[in-house]
Amino acid sequence: MHSLRTVVPRLSLLLCLPVVACGDSSGNVTDSGPGATTAGPTSTATEPTATGPTTAGPTTDSPPTSTSTLGTDTATGTETSPGTDTVGTETSPGTDSTDGTVTDTTATSQTNTGTDTGNGALDINPKDVTLEIIDGAIVTQAFTATYNGVDVTGDVAWSYNKPEIGEIQVNAEFVPTGTLGGTGTLKATYQADQAETSVSVKIIKKLDPGGLEPGWGNPVGPDPSMTIVYPYNETVFPLKVAAPVVQWNNVQNGDQYKLHISEQFYDYTIYFTTNVPARHLIDAAEWIAISESGQGAQSDPISVELQRKSGNNVYESVKQTWRMAQARLPGRVYYWELPGQCGGNANGRVLSIKPSEAQANEFFQPGFCWGCHTVSRDGRTVAVVADNGNIPFPTFTIDVSQEPAVYGNIQPNPGLGGTFSAFNHDGTKLLQSNDPIDAINSVLRVIDVMNGQVLNPNVLMPGCGEPAWSPDGKKIAATCGYPNGGWTFDQNQADLVVADVNPDGITVTNQKVIVPKGNDVGRPAYPNFSPGNEWIVFGRPTQGARSTGNGKLFLVGTEGNDLVMLEKASSDNKSFNPTFAPLRAGGYFWVVFMSRRDYGNTLVGANRQQLWITAINDPPNAGTDPSNPPFYVRGQEDCALSENAYFAPDPCIEEPNKVCESGIDCCSGHCIQMGEIKVCGEKGPCSEPGNACESDADCCEPGTPCIDGYCQQVFPQ
């Protein structure tokens, strides 16, 4: 085994020297011996523990965990959110009664209540009901059905389309689950007639584990100092992402707080106290309930109000708005980690993290520094290079569909080396930069993933690197025109080039520059295709392709059209290496990238690469910035450097009848309803929502067009 930092000093572990081969920022490394995987000791604080209904007093700190020992770090200071915090008058979160209430809006708003077939009319009463569940007190509602004025309640078939909100019993009594709020449709069927009405549930919950509310008086005025520094105002979150750690500055030890989070069908209030640096991790179950009770990112925004009591003074709330896209973000992020300030192991390694879990996973341990990774479209194969003493860095693949992961068909081979690469649409070919430390002569080649054979030794022209391959396999992108020798990622001159892939899958035509270097600051770097093949996201760093200088993110059409800076996402001017999530979700594209910005009051002035995710409006707004303020990916080590994130689906499930959530989980592309669960199976006469398709005609249900290769629901905005 080799430790490259002890070989040739100038080239030693260029992969594992910060950003030398894969994007680190400092040049200080130490040798901890071959095969080491422990990142070092943890420090005393990272994330606070969520305050639950039975927990009183200050929050405590709990570090993220993974299958390896991941170090942590904490910094304090002041950061101003790119969003705007406003101070307003406190409003009540809802009634303080312990009894639920029922609202019948029949007099003001009615849904379609029956269908007259000529033989009579079916009617449901009451209509458009809203049930309020206050502090867990379940309120039910009995319904009746009449046919031409005759009671047929016991003879109709009842159904309710949102079982997560509630269910209709055989005796026509509606019973909320008490877990989620929202609105659904109650339907009655009698003979050939149907009638329906809306039934909504609103959850109102107040938690006061420390008994703080009684001393909460009227506000004396605006808060003179408190500012929320994370999350950012107007952040867009997807469903099932780990709960955020709310962080704020300019307060004192022992101050008391009232956090009020509300939307149309969920109203949550919690009282607590904490010391500085002031943080509060929202309870995971509450975050899920708040998220999944939402009705649309734009139509039902989340109102966030943080109010402070300091001494005897209660101040007005500091307010923010968050938005919740009504779809989950499938897949996981693979990223390259260097220990940074964690100490211990100096070897670079690739980890994976699911945005929903807040836990990093060290899925493979080859015993040497490795990185410059990419992942196949089915999520089953990772391609990387080894920094084990050979130049160029030997390429190898990992089969991550197995547990634990094992070497794939290509094992570290000194005769097959390079740096960055990209899989084609079906994972059978790899487009790789050979990167011979002579950028002007660097070429892209196509490699057979089954056996490592080079199928085309020069796809574009000399002087190209940083390749990308579109999800449909029909286009490639790269940066080309490097003028000098040395590493490709040290070149300050390059253009963004695209080309069409010929039917043979290994040659290209119609090569053209879509974003020239021009006179703008920095140069295009690390392009990546959108899941629908129509957009490319890329960075524009100022120090070659490294993440050590300044950097903004950009979006452009594959024909060079509609170039726009993603200003809200990269407002820090320290953002790099963006990649799209494998699917759109909830009306947005999602892009993960690395940034050296501050993370609330947890990382302040550290200037350390960390992973962030931004929502991109779908479709992007022509001529305007379609990005939104990003959110932090919890679970990564904040003492380490997180680089070169690559978003990929989870390894698809080959075996039939295995439990799944949607078609992207299954290699067949089809997740089929089987009783009360869904399992992987084969396509029927048409594709159900969430399952694979080639065109809109393949999709069973109207309103579920074929988007990114799957029949996707058009989610409410």
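Just so we're clear, the structure is a prediction, and the values are computed from it rather than from any experiment.

Peer 1: What am I meant to see in the pattern of salt bridges here?
Peer 2: Tallying each qualifying case throughout the model produces 27 salt bridges. Here Lys127 makes a salt bridge to Asp123, at a shortest N to O gap of 3.4 Å. Note that Lys512 is salt-bridged to Glu559, the shortest N-O span being 2.4 Å. Of this pair, Lys512 sits in strand E39 (residues 508-515) while Glu559 is found in the loop between strand E42 (551-557) and strand E43 (564-565), placing the two residues 47 residues apart along the sequence. A single network of salt bridges, built from pairs that share partners, joins Lys240, Arg328, Glu661 and Asp665.

Peer 1: How should unusual backbone geometry be read in this particular structure?
Peer 2: The general pattern is negative phi for most residues beyond glycine and trans for most peptide bonds. In this structure, the amide linkage connecting Asn125 to the following residue, Pro126, adopts the cis form with an omega of -5°. The topology assignment puts Pro126 in the loop between strand E5 (122-125) and strand E6 (129-134). With a phi angle near 65°, Asn250 is a residue other than glycine that sits in the positive phi range. Considering the arrangement of structural elements, one finds Asn250 in the loop between strand E17 (245-249) and strand E18 (256-263). Given a relative accessible area of 38%, Asn250 falls into the partly exposed group. Unlike most non-glycine residues, Ile437 shows phi in positive territory, near 60°. The class of Ile437 is buried, set by a relative accessible area of 18%.

Peer 1: Help me understand the state of the cysteines, please; the structure alone is not making it clear to me.
Peer 2: Among covalent bonds in proteins, the disulfide is the one between the sulfur atoms of two cysteines. A complete count under the given rule lists eight disulfides for this structure. Across the disulfide, Cys652 is cross-linked to Cys667 (sulfur-sulfur distance 2.1 Å). Across the S-S bond of Cys652 and Cys667 the torsion is about 85°, and the bridge reads as right-handed. With Cys652 in the loop between strand E48 (641-648) and strand E49 (671-674) and Cys667 in the loop between E48 and E49, the pair connects residues that are 15 residues apart, well separated along the chain. Two residues, Cys699 and Cys711, share a disulfide whose sulfurs are 2.0 Å apart. Its S-S torsion of about -90° marks the bond between Cys699 and Cys711 as left-handed, since a negative value means left-handed. Of this pair, Cys699 sits in the loop between strand E50 (677-680) and strand E51 (706-707) while Cys711 sits in strand E52 (residues 710-711), placing them 12 residues apart in sequence. Given the relative accessible area of 10%, Cys699 is considered buried. Taking the relative accessible area as the measure of exposure, Cys711 reaches 0% and is therefore buried.

Peer 1: Sorry if this is basic, but what is going on with the environment of Trp158 here?
Peer 2: Looking at where Trp158 falls in the secondary structure, it is placed in strand E10 (residues 157-160). For the pair Trp158 and Asn171, spaced 13 residues apart in the sequence, the C-alpha separation amounts to 9.3 Å. A polar contact of 3.3 Å, which involves the side chain of Trp158, links it to the backbone oxygen of Thr153.

Peer 1: Sorry, what's going on with the pairing of E5 here?
Peer 2: Each regular strand displays side chains that alternate between the two surfaces of the sheet. Along E5, the buried face is formed by Leu122 and Ile124; none of Asp123 and Asn125, which line the opposite face, is buried. Pairing analysis gives four bridges linking E5 to strand E8 (residues 144-147), with the strands arranged antiparallel. Bridge assignment links Ile124 to a residue of E8, and that residue is Ala145.

Peer 1: Looking at this structure, I do not really get the sheet that holds strand E7 (residues 141-142). What am I missing?
Peer 2: Within a sheet, each strand pairs with its neighbour through backbone hydrogen bonds, oriented either parallel or antiparallel. One open sheet holds the three strands; their spatial order is E7-E12-E11, and the pairing between them is antiparallel. Since the sheet does not close on itself, it has two edges, and those belong to E7 and strand E11 (166-168), each with one partner. Relative to strand E12 (residues 173-176), E11 runs antiparallel, the two being bridged by three bridges. Counted as the bridge partner of Glu167 is Val175 from E12.

Criteria and thresholds
- Residues numbered from 1 in each chain as written.
- Predicted model: local features only at pLDDT ≥ 70, side-chain atom pairs only at ≥ 80, totals over all residues.
- Heavy atoms only, no water.
- Salt bridge = Lys/Arg side-chain N within 4 Å of Asp/Glu carboxyl O.
- Helix = DSSP H or I, 4+ residues; strand = E, 2+ residues; numbered from the N terminus.
- Buried < 20%, exposed > 50% of the residue type's maximum accessible area, 1.4 Å probe, protein only.
- Disulfide = S-S within 2.5 Å.
- Polar contact = N/O pair within 3.5 Å; in protein donor to acceptor, adjacent residues only side chain to side chain.
- Pairing = 2+ DSSP bridges.

The values reported here are purely geometric and, on their own, carry no functional implication.
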